[in-house]
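# Coordinates in review
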Amino acid sequence: MVRVTTTFLIDVDLPKDLSQRIGKDANHVHMGDGSTCKELKLGSGKHVIRTLFANGGHVPYNPAITSTVIVTVK
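Because the structure is predicted, anything quoted here is derived from the model rather than measured.

## Observations regarding the side chain of Thr51
- Secondary-structure assignment places Thr51 in strand S3 (residues 45-55).
- Sequence-distant contacts of Thr51, that is, excluding residues within four places in its chain, are made with Thr6, Thr7, Phe8, Ile65, Thr66 and Ser67.

## Regarding the nonpolar core
- By size, the foremost hydrophobic cluster in this structure holds five residues: Phe8, Ile10, Val29, Met31 and Ile49.
- Apart from the residues within four sequence positions on either side, Ile49 is in contact with Phe8, Leu9, Leu40, Leu42, Ser67, Thr68, Val69 and Val71.

## Brief notes about the sheet that holds strand S1 (residues 4-10)
- Strand order in this open sheet of four strands is S2-S1-S3-S4, and the pairing throughout is antiparallel. Edge strands, defined here as strands with exactly one partner in the open sheet, are strand S2 (28-30) and strand S4 (66-73). Neighbouring strand axes in the sheet, compared pairwise and without regard to direction, differ in orientation by 25° on average.
- Pairing of S3 with S4, which is carried by eight bridges, proceeds in the antiparallel orientation. Bridging from a neighbouring strand, His47 pairs with Val71 of S4.

What counts, and where the lines are drawn
Residues numbered from 1 in each chain as written. Predicted model: local features only at pLDDT ≥ 70, side-chain atom pairs only at ≥ 80, totals over all residues. Heavy atoms only, no water. Helix = DSSP H or I, 4+ residues; strand = E, 2+ residues; numbered from the N terminus. Contact = heavy atoms within 4.5 Å. Core = buried A, V, L, I, M, F, W, Y, C linked by side-chain atoms within 4.5 Å. Buried < 20%, exposed > 50% of the residue type's maximum accessible area, 1.4 Å probe, protein only. Pairing = 2+ DSSP bridges. Axes fitted to C-alpha atoms, helices over the stretch in contact; angles between N-to-C directions.

Structural data, given as structure tokens:
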């Protein structure tokens, strides 16, 4: 069994060192708690949201498994 988690990176770049655990703060939202959705409170303007898949210890896969979406909040 392999445990996979997803982290949303909000308005930050992908980490340069993919061997390091991703922390948890307002710009790094973890989905490893079994939830299927999260509410993101974003201010007005353009935001870049990236998903980054990681192992159960929140260490990203290398090469990165990621996708990006850009949203504009009015």
